[in-house]
Amino acid sequence: MGSRKGTSFLLPVLLLLTVGSVAPLGECRCHRPPAIFNFGDSNSDTGGLQAGLGLVIGLPNGRRFPGGPTGRFSDGRLVIDFLCQSLNMRYLSPYLEALGSDFRTGANFAIAGSATLPRNVPFSLVIQVLQFLRFRARSLELVAKGSSNLINEEGFQNALYTFDIGQNDLSRMFRNGLSYSQVVEGIPSVLDEIRGAIKASVGKSFFHGISYSSVLLQMIYERGGKHFWVHGTGPLGCLPQKLAVHKKEGSDLDSFGCLASYNNASKFFNDGLTALCDELRKELQNATIVYTDMYAIKYDLIADYTKYGFENPLMTCCGYGGPPYNYNVNITCGNAASQACADGSKYISWDGVHYSEAANAVAASKILSTYYSKPPVNFESFCLK
Ligand SMILES: *[C@@H]1O[C@H](CO)[C@@H](O)[C@H](O)[C@H]1NC(C)=O
Ligand SMILES: *[C@@H]1O[C@H](CO)[C@@H](O)[C@H](O)[C@H]1NC(C)=O
Ligand SMILES: *[C@@H]1O[C@H](CO)[C@@H](O)[C@H](O)[C@H]1NC(C)=O
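Residues numbered from 1 in each chain as written. Chains lettered and ligands numbered in written order. Predicted model: local features only at pLDDT ≥ 70, side-chain atom pairs only at ≥ 80, totals over all residues.

Caption draft 1: Region of interest: the overall build of the chain. Helix and strand content of the chain: 12 helices and 12 strands. Relative to its 385 residues, the chain shows a buried fraction of 49%. The contacts of the chain with a sequence gap of at least 6 include a subset with a gap of at least 24, amounting to 68%. (Helix = DSSP H or I, 4+ residues; strand = E, 2+ residues; numbered from the N terminus. Buried ≥ 20, exposed ≤ 12 C-beta atoms within 10 Å, placed from the backbone. Contact = placed C-beta atoms within 7 Å.)

Structure follows, in structure tokens:
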């Protein structure tokens, strides 16, 4: 999808979409969307945490979402929703959502709060991948028994496997008091987990004793997955939450007022993830592995915020405390004492950690432009012929 078409879904008419409906994208030529299996954290959680823990993530979250709150951490749609829309497909049902789900076009394993490490804590990346493997085995079993409304072997092979994870690993390391250089030392193990999800590396122990290499042959590529879409992480040091909680007298700020060491860690992570994708592209025959630079995309929102109609690049729409960040760790969005702004489209940050629907829409249109992707693969090219 070219950049001109990439912005077509921003038309207001699309705000009338209902949950799970097919986007009326007149210009989109995708008549047979691939299945999408997504892995990640709250950046792409379409209701998994809510389903998995039985929590209610209520208003003002989802206030712009047709039908109201869904468990998404935003006022409306996430990047993954816009990506699905661009292929004329319904939004992804969370794998753990027992009622009202539709798994004919894939499933979403992303859960808010997830990281790659530690592995044995729900819902780490490896647990998400194991859930996928179970989903896949179960689907094929039922298809063999005659089910026709589930994904078959060919569907899994042609599916797109999308990843957006790592932000919580970096967050955790900083929260545990690690210095920038210690965080940088911890990044290779995070990247190993992502490598393992796509193509497991040998010689690691999984769940104390069950050999990770026994999982090796089951991982996504070995199971026939060929199309991988990997998002880098955004500028951690520009999140109002990080600024409000961790900015100290003498903190190093970059030219836009973000925490430089946090952003450096994001960049270091992304450099490693880019290298990992380059490596996997050489190793995995016939696989398409696209890396998208979410750092550049999200940083540009902040650096050039007026161009997109935003007014307060480092302030949350929904929070407490007013300028400069409108974020209070004790009174976060959803707390009875918190307040949401009237017009979320003027804000990049929804709640201090997550982006507003308006920001997600711009981010998605930039992703679809292919300008930030390596290699510059058209998202629509995953559409089935
Ligand atoms: C961040 O990285 C830049 C460029 O490598 C470096 O000049 C700067 O000292 C780093 N800042 C921090 C706080 O780590
Ligand atoms: C890659 O594709 C070629 C041509 O379609 C095929 O012959 C080969 O077996 C494939 N290799 C793998 C590892 O799937
Ligand atoms: C949040 O609550 C803790 C514990 O009561 C308190 O120490 C801290 O100062 C509060 N933080 C803010 C920003 O109000």
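Caption draft 2: The arrangement of the site of ligand 1 in detail. Taken together, Tyr-180, Asp-252, Ala-260, Ser-261 and Asn-264 make up all the residues around ligand 1. The leading source of residues in the shell around ligand 1 is helix α10 (residues 260–283), at 3 residues. Taken together, the residues of the shell around ligand 1 sort by class into 2 nonpolar, 2 polar and 1 charged. (Near = placed C-beta within 6 Å. Nonpolar A, V, L, I, M, F, W, Y, C, P; charged D, E, K, R; others polar.)

Caption draft 3: Local environment of the environment of Val-184. Along the chain, Val-184 turns up in helix α7 (residues 180–198). Setting aside its immediate chain neighbours within four residues, Val-184 contacts Ala-265 and Phe-268.

Caption draft 4: Structural view of the pairing of strand β3 (residues 160–164). Of all 5 residues that make up β3, 5 are buried, and the element is covered over most of its length. Here β3 shows a buried face lined by Leu-160, Thr-162 and Asp-164 and a second buried face lined by Tyr-161 and Phe-163. As judged from the 5 bridges shared by strand β1 (residues 36–40) and β3, these two strands associate in the parallel manner. Bridged to Gly-40 within β3 is Asp-164. Alignment of β3 against strand β6 (residues 227–231), held across 4 bridges, turns out to be parallel. Looking across to β6, one finds that Leu-160 is bridged to His-227. (Pairing = 2+ DSSP bridges.)

Caption draft 5: Structural detail: the pairing of strand β7 (residues 288–292). β7 sits mainly inside the fold: 4 of its 5 residues count as buried. Note: β6 against β7, 5 bridges, orientation parallel. Its bridge partner being in β7, His-227 is matched across the sheet by Thr-288.

Caption draft 6: A look at helix α12 (residues 357–368). In this model, α12 (12 residues) spans 16 Å end to end at C-alpha, consistent with the 16 Å of a helix rising 1.5 Å per residue. Counting buried residues along α12, 12 of its 12 residues qualify, which places the element largely inside the surrounding structure. For α12, the complete set of buried residues consists of Glu-357, Ala-358, Ala-359, Asn-360, Ala-361, Val-362, Ala-363, Ala-364, Ser-365, Lys-366, Ile-367 and Leu-368. Immediately beyond the C-terminal end of α12, within one or two residues, lies Thr-370, with a positive phi of roughly 70 degrees. (Expected span 1.5 Å × (residues − 1).)

Caption draft 7: Up close: the sheet that holds β1. Pairing is mixed across the open sheet formed by 6 strands, whose spatial order is β2-β1-β3-β6-β7-β12. Each end of this open sheet is capped by a strand with a single partner; those strands are β2 (106–108) and β12 (373–374). Bridging between β7 and β12 involves 2 bridges; their strand directions are antiparallel. Pairing of Tyr-291 across the sheet is with Lys-374, part of β12.

Caption draft 8: Structural context of the packing of helix α4 (residues 125–144) against α7. In the contact formed by α4 and α7, the axes pass within 9 Å of each other and the chain directions differ by 10 degrees. Taken together, the axes of α4 and α7 are roughly parallel relative to one another. Contacts from Leu-125, Val-126 and Val-129 of α4 reach α7 at Glu-193, Ile-194, Gly-196 and Ala-197. Across the contact of α4 with α7, the residue classes break down as 5 nonpolar, 1 polar and 1 charged. (Axes fitted to C-alpha atoms, helices over the stretch in contact; angles between N-to-C directions. Parallel < 35°, antiparallel > 145°, perpendicular 65-115°, else oblique.)

Caption draft 9: How the structure looks around the environment of Gln-157. With respect to the helices and strands, Gln-157 occurs in helix α5 (residues 153–158). For Gln-157, a count of 15 C-beta atoms within 10 Å puts it in the partly exposed group. Taking the C-alpha atoms as reference, Gln-157 lies 9.1 Å from Tyr-221; in sequence the two are 64 residues apart. Every residue in contact with Gln-157, bar those within four places of it in the chain, is listed here: Gly-224 and Lys-226.

Caption draft 10: The arrangement of unusual backbone geometry in detail. With an omega of 5 degrees, the peptide bond running from Leu-59 to Pro-60 counts as cis. In this fold, Pro-60 is placed in the loop between α2 (48–53) and α3 (79–86). Note the cis peptide between Lys-374 and Pro-375, where omega equals -10 degrees. A positive phi angle, near 65 degrees, is found at Asn-286, a position not held by glycine. Inspection of the secondary structure puts Asn-286 in the loop between α10 and β7. Given 6 C-beta atoms within a 10 Å radius, Asn-286 is considered exposed. We note that Asn-326 has phi near 50 degrees; this positive angle belongs to a residue other than glycine.

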